Amino acid sequence: MSGIALRGLGLVKRYGEVVAVDGLDLEVRAGECFGLLGPNGAGKTTTVEILEGLIAPDSGTVEILGGSWASDPRELRERIGIQLQETQLAEKLTVLETITLFRSFYKKGLDPAEVMRIVQLEDKESAWVRKLSGGQKQRLSLAAALVGDPEILFLDEPTTGLDPQARRQVWEVIADVKARGGTVLLTTHYMEEAERLCDRIAIVDRGKVIALDTPAALIAGLGAEHVLEFETESATDLARLRALEQVHDLRRDGVTVSLTVREVHRAIPQLLAELQAQSVALTRLTTHHATLEDVFVAMTGRHLREN
Amino acid sequence: MRHPLVEITRVKFLEFIREPEAIFWVLVFPVLLSLALGVAFRTKPPEALAIAVQDGPQAEETRDALARDRALAPRILSVSACREALRAGRVALVVVPGAEVTYWFDPTRDESRVARLAADAALQGSAGRVDAVAATDRLMTEKGSRYIDFLVPGLLGMNLMGTGMWGIGFSIVTARSRGLLKRLIATPMRKRHYLVGQMLGRMAFLIPEVGLLVGFATLVFDVPVRGSLLALATVSILGGMAFTGIGLLVAARPRTIEGVSGLMNFVMLPMWIFSGVFFSPARFPDALQPAIHALPLTALNDALRAVMLDGASLAAVAPELAIVTAWGLAALGFALWLFRWR
């Protein structure tokens, strides 16, 4: 097999007047974890369902594992595993019964006991789905995607709505799949999830890929690796701040001013000196490593999560 | 690993038996209904007619003559008590003895007219009248002709319809509304395995469903099963399959339980009324009869009654079975064509 597991070219999907996917291209390499990162409504789910062969695109082509959805859908279904964003599995079946049911659909695959071990649900084997927590349900849904021992695993927002601990357990499972050499395509609007799990990330906005690279390269693309955020009592002269030697970029979001800087230990004295010169008092100052969130904000002027 | 069809059928069956409400409606409710209706319409032994003999000369002889007919229960009352008892309906007739016997009664009451005829016959007979024509009675009280006998096959048919349709419709629409159908077609599962598995899973609880109701009716009400058990099983299975197919058709599109419930009732209501569950469809006008007999439940009920009550063979009910099967196959075909997985 070539190094490309999955390729989408010129994908377009419209729903009436709304263009959900607007000429999107991407390539997923065999063995990598590829992330589609974007805000809600960016077209991630539509894109991933086109790639999964569940939605027919209005135009564009999908090449998957050297085949296409038109030529041999069943053979492809044997080789991929899918977790949909909103599947509620049957409530009155046990974990084992659910996994066994899904296993029966595949010619070859993993033993249900093995899958329960991978998703850490061995002690829930006989529990009804209804009794599982949100995180456990999500891991059962992962189990159903893994039980056919897929060559590509599709995960649509695998941790949305989970608490931090449940999220970390799902991440462990995905990291385990990656470690076994599986190809993973996941969508998320959590930049932390994308940074932590993905080898490469496509940032998606309004149905298009607006940036595609490794997380480190995307952040490096900002030209500076730290972000200073501050608020002041009165208005500041932003033009003079922008002119400071350490400041790579400046953005104002309401009362908060964000500076992208190369070196925090040099930038802070410069900022403080300048504010003093302007006779403006600080009310808040924070600093963090630049994240994909900052990349998204820099590229679109909007945040990934609007809250 | 088991075959997917086996797994789907198994899961369908497990989901059913883990639903206490379903167990009640499918297995317990028809038995309770047949019990209630069987008790309400049980055959009562004929009661003797209460009649009064007005006190006076020859009252005792008259009473003894009347008492020879066991259908009459005469007693002697005073004149005023006679009037009171007749007016209150406690007696059907007052006999006033004498050289010329007087019958005193309300001619609008059926039982009074019957009592008058019976009393006169008894008195004439005891006075020496000889019947001109010899006559014997043949009584129609054999089992198989009572209301409960008519009712049980109808309840069985109604239950096969209800379980087939709800049992399939509810679970499919629930799975669709929860995104589970979409998840299933994202696997290599064959669609026909899912649909056939749903039908087979439903058929698995046809055995207790039919067995319980027929067994109960046989033991408690002595309802006969005159045809072979094989014929009864075959008719039940074909009927169950047909309504499962219709259930699949009704569930082919709706996304909500409310939507499918309305559609179910719309489909089933005419059959509850017209198909002879509780009373014979012969009561409807002749013009409606061809349409009524084309309904699958009418055909199924006719076949069940023929097998249980008349001891009909499968060959004898072949026309009804053909109607039932045709409905099932046509509905299944349409269902496969219309079915939406999301």
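Residues numbered from 1 in each chain as written. Chains lettered and ligands numbered in written order. Predicted model: local features only at pLDDT ≥ 70, side-chain atom pairs only at ≥ 80, totals over all residues.

1. So, the interface of chain A and chain B
Okay, so step 1: Chain A puts 22 residues into the contact, and the matching count from chain B is 19 residues.
Okay, so step 2: Sorting the residues of the side of chain A that touches chain B by element identifies helix H2 (73–79) and helix H3 (95–104) of chain A as the ones contributing at least two each.
Okay, so step 3: The dominant element in the side of chain A that touches chain B, judged by the number of residues it contributes, is H3(A), at six residues.
Okay, so step 4: Split into classes, the residues belonging to the side of chain A that touches chain B amount to 10 nonpolar, four polar and eight charged. (Contact = placed C-beta atoms within 7 Å. Helix = DSSP H or I, 4+ residues; strand = E, 2+ residues; numbered from the N terminus. Nonpolar A, V, L, I, M, F, W, Y, C, P; charged D, E, K, R; others polar.)

2. Remarks on the nonpolar core
Okay, so step 1: Counting 138 residues, the largest nonpolar core has A:Ala143, A:Leu185, B:Met165, B:Val235, B:Leu248, B:Ala303 and B:Val307 as the members making the most contacts within it.
Okay, so step 2: Among the elements that line this core, the one with the most residues is helix H6 (residues 147–177) of chain B, at 15 residues.
Okay, so step 3: Not counting residues up to four positions away in its chain, the partners in contact with B:Val235 are B:Ala303, B:Leu304, B:Val307, B:Val317 and B:Leu321.
Okay, so step 4: Judged by nonpolar contacts, the second largest core, of 19 residues, contains B:Ala52, B:Leu72, B:Leu86 and B:Ala119. (Core = buried A, V, L, I, M, F, W, Y, C linked by C-beta atoms within 7 Å. Buried ≥ 20, exposed ≤ 12 C-beta atoms within 10 Å, placed from the backbone.)

3. Let's talk about the pairing of strand E9 (residues 208–213) of chain A
Residues and elements named next belong to chain A.
Okay, so step 1: Examined bridge by bridge, strand E8 (residues 200–205) and E9 share five bridges and lie antiparallel to one another. The residue of E9 that forms the bridge with Ala202 is Leu212.
Okay, so step 2: Adjacent in sequence and paired antiparallel, E8 and E9 are bridged by two residues, among which Arg206 carries a positive phi angle near 50 degrees. (Pairing = 2+ DSSP bridges.)

4. Section: H6(B)
Okay, so step 1: Taking 1.5 Å per residue as the helical rise, H6(B) with its 31 residues ought to reach 45 Å, and the 43 Å between its terminal C-alpha atoms agrees with that figure.
Okay, so step 2: Summarising burial for H6(B): 27 of the 31 residues are buried, a large majority. (Expected span 1.5 Å × (residues − 1).)

5. Brief notes about the sheet that holds strand E1 (residues 4–15) of chain A
Residues and elements named next belong to chain A.
Okay, so step 1: Taken in spatial order, the three strands make up an open sheet running E2-E1-E4, and their pairing is antiparallel. Two strands bound the open sheet, and with one partner strand each, they are strand E2 (18–29) and strand E4 (59–64). Averaged over all pairs of adjacent strands, the angle between strand axes in this sheet comes to 15 degrees, irrespective of strand direction.
Okay, so step 2: Sheet analysis places E1 next to E4, joined by five bridges and oriented antiparallel. The partner of Val12 across the bridge, within E4, is Ser59.
Okay, so step 3: Taken strand by strand, helix H1 (residues 44–51) contacts E1, E2 and E4, and its axis lies near 125 degrees from that of E1. (Axes fitted to C-alpha atoms, helices over the stretch in contact; angles between N-to-C directions.)

6. What to know about the domain arrangement of chain B
Okay, so step 1: Taken domain by domain, chain B comprises domain 1 (4–41 + 143–338) and domain 2 (49–126).
Okay, so step 2: On a C-alpha basis, the centres of domain 1 of chain B and domain 2 of chain B stand 55 Å from each other. (Domains from an automatic or database assignment.)

7. Some points on the domain arrangement of chain A
Okay, so step 1: Taken domain by domain, chain A consists of domain 1 (4–219) and domain 2 (223–289).
Okay, so step 2: Relative placement of domain 1 of chain A and domain 2 of chain A: their C-alpha centres are 40 Å apart.

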